[in-house]
Each structure stands twice: as structure tokens, then as C-alpha cells.
Amino acid sequence: MSDDSIVITGMGLVTPLGRGVEAVWNRLLEGRSGIRAIDRIDVSDLPARIAGLVPSIEEDPVAGLNIDAVVSTKDRKKIDLFTIYALAAAEEALTQAGWKPEDQESRDRTATAVATGIGGFPVITEAKTTLDQRGYRRLSPFVIPAFLGNLAAGNISIRYGFRGPIGTPVTACAAGLQAIGDGMRLIHSGETDVVLAGGTEACIDRLTIGGFAAARALSTRNGNPEQASRPYDKDRDGFVLGEGAGLVVLERKSHAAARGATPLIEVAGYGTSADAYHLTSGPEDGSGAALAIDACLKRAAESPGAIGYINGHATSTPIGDRGEIAALRRVFGADLAGIPISSTKSSIGHLLGAAGGVEAVFTALAVLRGVLPPTLNFGSADDGAEDLDFIPLKARAKTLRSALCNSFGFGGVNASLCLRAVAA
């Protein structure tokens, strides 16, 4: 492993379990759930009335998000919630990395790759109502820049003066991991030295919930929110929407060493592919996703048997969960039965374009801390998956060197990331 490997030096989280890597990680390992009844908007007429909501500082004085500490009241009118989540996660990641350069060359060599699945969708739906009911003169002049997907990355760039490339994958639920993969490529190509990468999402909106409900994709366990997200479990009835952001600071190990920063984890490999199959569902045999996983392992120069943990994409839908298991079996074969797999979506729901960024942080922490997060609400596996270890209900201590994180999205997009302990 050379000093030119790409490493993570900073991480930031905003999730339904709270804000801040340490608080969120501890709550995740405790088996806490961030899924609750939606009280932010009226969903009384919708079949799904629960979600993974980021708690406010008033709701959670320990780890809630204080929006006023992230943006001023004046700026709050100009940006959507998905950008605020990204700004909060960026500040934590950059602070941990110690990367807030004052010299212009360093700022020019810093890129910002922040993905989203639907951007400022709630701003769009609210603006449409205003337009129809009150006319265009009542629209805010900031409507367009508030909802544009690239404005999370754009606002981060403006705040910190980063003039390197800006990227915003909008590849549904694979977007967050693809942003990290894009960041790796920017560093490999020599275009930049540092990349702030990951995903952000603020998707709790009547139209989003109604649309997914119309597709019969959402759980309707409204009376038991904490038990609604059930990845890999035979008794699941759909996924639960979640919101938040997960960002990481990427750079070469040699660059980190030169400035005295601590490499936390190596980003060893990345793979992406397309199913070329269906708008919303992957093939039952998992062949498209397997291409991404296999490419990731090859780039990491890791054998399948060397992977000690898999953070699955598993959203809690039968077709998606089974397709991922099929993909993993194609790549890992008989070895899969010996590799622990969990879906942290059981605790926070499905964060769409932010899922990969958040779950990459969870996967990194599993390697760093030697603890595997559990799959909550797991009772029994699907037929044919009884041999697999889904880390049911409780976190587990395990020393491991390498782990895999998967994200798959509508349109047949697949992404896989391999994270590895940093060599001494």
C-alpha cells in the first residue's frame, strides 16, 4: 500500500439519529431508531405517515440540528433544507480534517462533490402552490437557486472559497457513493488535491411520500414507526423515507501526511455499473449490481474472502433486498455465508441520494472501531437466505481490515465502495 492511496481525513453526519459523527454512531450501536411520525407537514390523508426526520435542537438538545448555527435567518430564505444539511455535515468533516485553507492555491485545488437524489423538491412543490394560488409575483426570487441540485455543493464552495471542480451526481439512491467515486477520480487524475464528497437529501414532502406510496413502495406501519424499516426481514412491507447528509474529506495519504493530518481510513476501491434492465427494479439475478461490486474489489486488489463486513443497500423492499443478495452471491459465492451483512437503513430509513454518503461513514467507522452496526427489526430471513448473517438486533465487536458499502438506484445505477484500514 503506497503513500499515494486515497484516504478519508474527515467525516460529517446529519441524520435522523442526530447531528455529529460520535453521537450518531453511538446511537446506531445502541440500536436506537430515528424513525417517527411525521409532524412537519400534514400527511393525515396519506397511507404512509412516518419517516426518518432529522431532529431539531429543541427536540434533541444533545444532538439535534441547530439551523440558526448553520445559516443566518436571512440566508435561510435563500436555500433549501438539503443545502443546510450539507453545510452542517461539511463543517464537521472539514473541521475534523483540519482543512480550511487560507491560501488561494489550496482553495483552488479543493473540489466539492455533493450528490442529491431530488434536491430542493419541497421548494418546487411549495412554489407551484404559490404560483397557482397567488401568482408569479409572489414567488421568491431565490426559488430557482434554492431547489437546484448543485446548490448544496455550490453553497459549500462559496462558504469556504473552494474553487476546484464542483460535481453533483443526481443518480437516485446511488448518488452519494457515486460522488465519493467521482472524488476519487478527480484526485487520481491530478485535477485536485482534496475533495469534499458525499450526499445530502431533504425529501420529506407530500408529493414525495404520495408518489412512493402510489408505487406501493413505502411501509405503512404507522402505529409502530421504530419497527417499520425491516431490511432483509421476511415481514417487511416497504421502505421508510429518511433525510440528512453524509460527507467525507478525501485526499492522498501523502498529502495528508505533508500537512500533519490523520488518515482515518483508506478508500481502496470503487465500482459502478448499470443494470440496463428496468426503471425501478434490478434483475432478480443481481447481475448488474454484481458488475459494480466486482469492479470495486478488483480496483481495491481485494479478494472477496478478505471482506469482513458489508453495509448493504437493502432498503426494506422484497425485490431490492433479494436482488442485492443475488448480486452478492454472484461475487462472493460460498464465502458470503461467513461475511456479516447489515443494513443501517433499519435505524434511519432510506436517505435516497444521501444514503451512500451516510453509509460510507458508518462503514468506515465499523473498520475503525471494530464494531459492526446491527440490522434492527430482523426476525427471519427470506427463503433461501437463512444461511446469511444479517447481524440481527445487536451490534457486534469484530476486528476487520476491509469492508464494502453498496448503493443502488432507480434507472439501474449501481455503486460499490471498498474501505480499508490504513497501513501503518
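The structure under discussion appears in the preceding block.
The paragraphs below set out a description of the structure included in this document. Keep in mind it's a predicted model, so treat the numbers as computed, not measured. (Residues numbered from 1 in each chain as written. Predicted model: local features only at pLDDT ≥ 70, side-chain atom pairs only at ≥ 80, totals over all residues. Heavy atoms only, no water.)

## Here we look at the overall build of the protein chain
Okay, step 1: Scanning the protein chain from N- to C-terminus turns up 15 helices and 15 strands.
Okay, step 2: Computed over its C-alpha atoms, the radius of gyration of the protein chain comes to 20 Å, within 12% of the 22 Å expected for a compact globule of 424 residues.
Okay, step 3: Viewed in the frame of its principal axes, the protein chain has a C-alpha envelope of about 65 × 55 × 40 Å.
Okay, step 4: In the protein chain, which comprises 424 residues, the proportion classed as buried is 59%.
Okay, step 5: Put simply, of all contacts in the protein chain between residues at least 6 apart along the chain, 79% involve residues at least 24 apart.
Okay, step 6: Surface accessibility of the protein chain: about 16,300 Å² in total, with carbon and sulfur atoms responsible for 52%.
Okay, step 7: Positive and negative side-chain charges of the protein chain, numbering 41 and 47 respectively, have mean locations separated by a distance of 3 Å. (Helix = DSSP H or I, 4+ residues; strand = E, 2+ residues; numbered from the N terminus. Rg over C-alpha atoms; globule rule 2.2 N^0.38 Å. Buried < 20%, exposed > 50% of the residue type's maximum accessible area, 1.4 Å probe, protein only. Contact = heavy atoms within 4.5 Å. Areas by Shrake-Rupley, 256 points an atom, 1.4 Å probe, with all protein chains shown as cover. Lys, Arg positive; Asp, Glu negative; His and termini not counted. Charge placed at Lys NZ, Arg CZ, Asp CG, Glu CD.)

## Description of unusual backbone geometry
Okay, step 1: A positive phi angle, close to 60°, is found at arginine 216, a residue other than glycine.
Okay, step 2: For arginine 216, the location among the structural elements is in the loop between α10 (206-214) and β8 (244-252).
Okay, step 3: Residue classification places arginine 216 among the exposed residues on the basis of a relative accessible area of 77%.
Okay, step 4: Not every positive phi belongs to a glycine, and isoleucine 391 is a case in point at roughly 45°.
Okay, step 5: Considering the arrangement of structural elements, one finds isoleucine 391 in the loop between β12 (371-372) and β13 (396-397).

## Quick look at the pattern of salt bridges
Okay, step 1: All chains considered together, the criterion is met by 30 salt bridges.
Okay, step 2: In this structure, the salt-bridge partner of glutamate 359 is lysine 345, at a minimum N-O distance of 2.8 Å. Linking glutamate 359 in helix α15 (residues 355-369) with lysine 345 in helix α14 (residues 345-348), this pair joins segments that are 14 residues apart in sequence. For the pair glutamate 359 and lysine 345, a shared accessibility class is recorded, and that class is buried.
Okay, step 3: Sharing partners across several salt bridges, the network here consists of Arg236, Asp321, Arg322 and Asp382. (Salt bridge = Lys/Arg side-chain N within 4 Å of Asp/Glu carboxyl O.)

## Quick word on the packing of helix α12 (residues 287-300) against helix α13 (residues 318-332)
Okay, step 1: Interhelical geometry of α12 versus α13 gives an angle of 45° and a closest axis separation of 8 Å. Overall, the two elements α12 and α13 adopt an arrangement that is oblique. In this structure, α12 crosses over α13, and the sense of that crossing is right-handed. Each of Ser287, Ala289, Ala290, Ile293, Asp294 and Leu297 in α12 lies in contact with α13, whose residues at this interface are Ala327, Leu328, Arg330, Val331 and Phe332.
Okay, step 2: Class assignment of the residues belonging to the contact of α12 with α13 gives a composition of eight nonpolar, one polar and two charged. (Axes fitted to C-alpha atoms, helices over the stretch in contact; angles between N-to-C directions. Parallel < 35°, antiparallel > 145°, perpendicular 65-115°, else oblique. Left-handed = near helix turned anticlockwise from the far one by under 90°. Nonpolar A, V, L, I, M, F, W, Y, C, P; charged D, E, K, R; others polar.)

## Notes on helix α1 (residues 21-29)
Because the α-helix completes a turn every 3.6 residues, residues three or four places apart line up on one side.
Okay, step 1: Among the residues of α1, Val21, Val24, Trp25, Arg27 and Leu28 are the ones counted as buried. Summarising the axial view, the buried residues of α1 lie within an arc of 165°, below the 170-degree limit, and thus occupy one face.
Okay, step 2: Contact partners of the buried residues in α1: β1 (6-15), β2 (18-19), α4 (81-97), α14, α15 and β12.
Okay, step 3: Two residues or fewer past α1, glycine 31 is found with a positive phi of approximately 80°. (Arc of directions from axis to C-beta.)

## Section: the packing of aromatic side chains
Aromatic ring pairs are defined here through the distance separating the ring centres and the angle between the ring planes.
Okay, step 1: Throughout the structure, instances matching the rule amount to six aromatic pairs.
Okay, step 2: Consider the rings of tryptophan 25 and phenylalanine 362, whose centres lie 6.5 Å apart with planes at 35°: the pair is tilted. With tryptophan 25 in helix α1 and phenylalanine 362 in helix α15, the pair connects residues that are 337 residues apart, well separated along the chain. Of the two residues, tryptophan 25 and phenylalanine 362, both sit in the buried class.
Okay, step 3: A centroid spacing of 4.3 Å and a plane angle of 20° characterise the contact between tyrosine 232 and phenylalanine 390, whose relative ring orientation is stacked. (Phe/Tyr/Trp six-rings, centres within 6.5 Å; stacked < 30°, edge-to-face > 60°.)

## Concerning empty space enclosed by the protein
Once rolled over the atoms, a probe with the size of a water molecule shows which space is left empty.
Okay, step 1: Following the criterion strictly, the structure yields one cavity of 30 Å³ or more and no others.
Okay, step 2: Within this model, the largest cavity holds a volume of roughly 40 Å³.
Okay, step 3: Along its surface, the largest cavity is lined by Ala48, Ile50, Ala51, Ile209, Leu218, Ser219, Phe239, Val240 and Leu241.
Okay, step 4: For the lining of the largest cavity, the per-class residue count stands at eight nonpolar, one polar and no charged. (1 Å grid on protein atoms, 1.4 Å probe; cavity = no way out; pocket = protein on both sides within 12 Å on 5 of 7 lines; lining within 4 Å. Points joined across faces, edges and corners; volume = space filled by probe spheres on them.)

## Observations regarding α12
Okay, step 1: When the terminal C-alpha atoms of α12 are compared, their 20 Å separation across 14 residues agrees well with the 20 Å that a helix rising 1.5 Å per residue should span.
Okay, step 2: Among all positions of α12, only Gly288, Ala289, Ala290, Ala292, Ile293, Ala295, Cys296, Leu297 and Ala300 are buried.
Okay, step 3: Buried residues along α12 sit in contact with β9 (265-274), β10 (307-311), α13, β14 (402-409) and β15 (413-420).
Okay, step 4: Positive backbone phi, approximately 55°, marks alanine 301, located one or two places after α12. (Expected span 1.5 Å × (residues − 1).)

## Thoughts on the packing of helix α9 (residues 175-188) against α15
Between two packed helices, the angle of one axis relative to the other and the distance separating the axes together describe the packing.
Okay, step 1: At a minimum axis separation of 5 Å, α9 and α15 run at an interaxial angle of 70°. Comparing their axes, α15 and α9 come out roughly perpendicular. On the side of α9, the interface is formed by Gly176, Leu177 and Ile180, while α15 contributes Gly356, Gly357 and Ala360.
Okay, step 2: Grouping the constituent residues of the contact of α9 with α15 by class yields three nonpolar, three polar and no charged.

## A few points about the environment of glycine 190
Okay, step 1: Relative to the assigned elements, glycine 190 resides in the loop between α9 and β7 (194-201).
Okay, step 2: Here glycine 190 falls in the partly exposed class, since its relative accessible area comes to 40%.

## Looking at the pairing of β9
Okay, step 1: Most of β9 is tucked away, with eight of its ten residues classed as buried.
Okay, step 2: Bridge count between β1 and β9: two bridges; the pairing is antiparallel. Across the sheet, the residue bridging to valine 7 is glutamate 266, located in β9.
Okay, step 3: Sheet analysis places β9 next to β15, joined by eight bridges and oriented antiparallel. Bridge pairing links glutamate 266 to arginine 420 in β15. (Pairing = 2+ DSSP bridges.)

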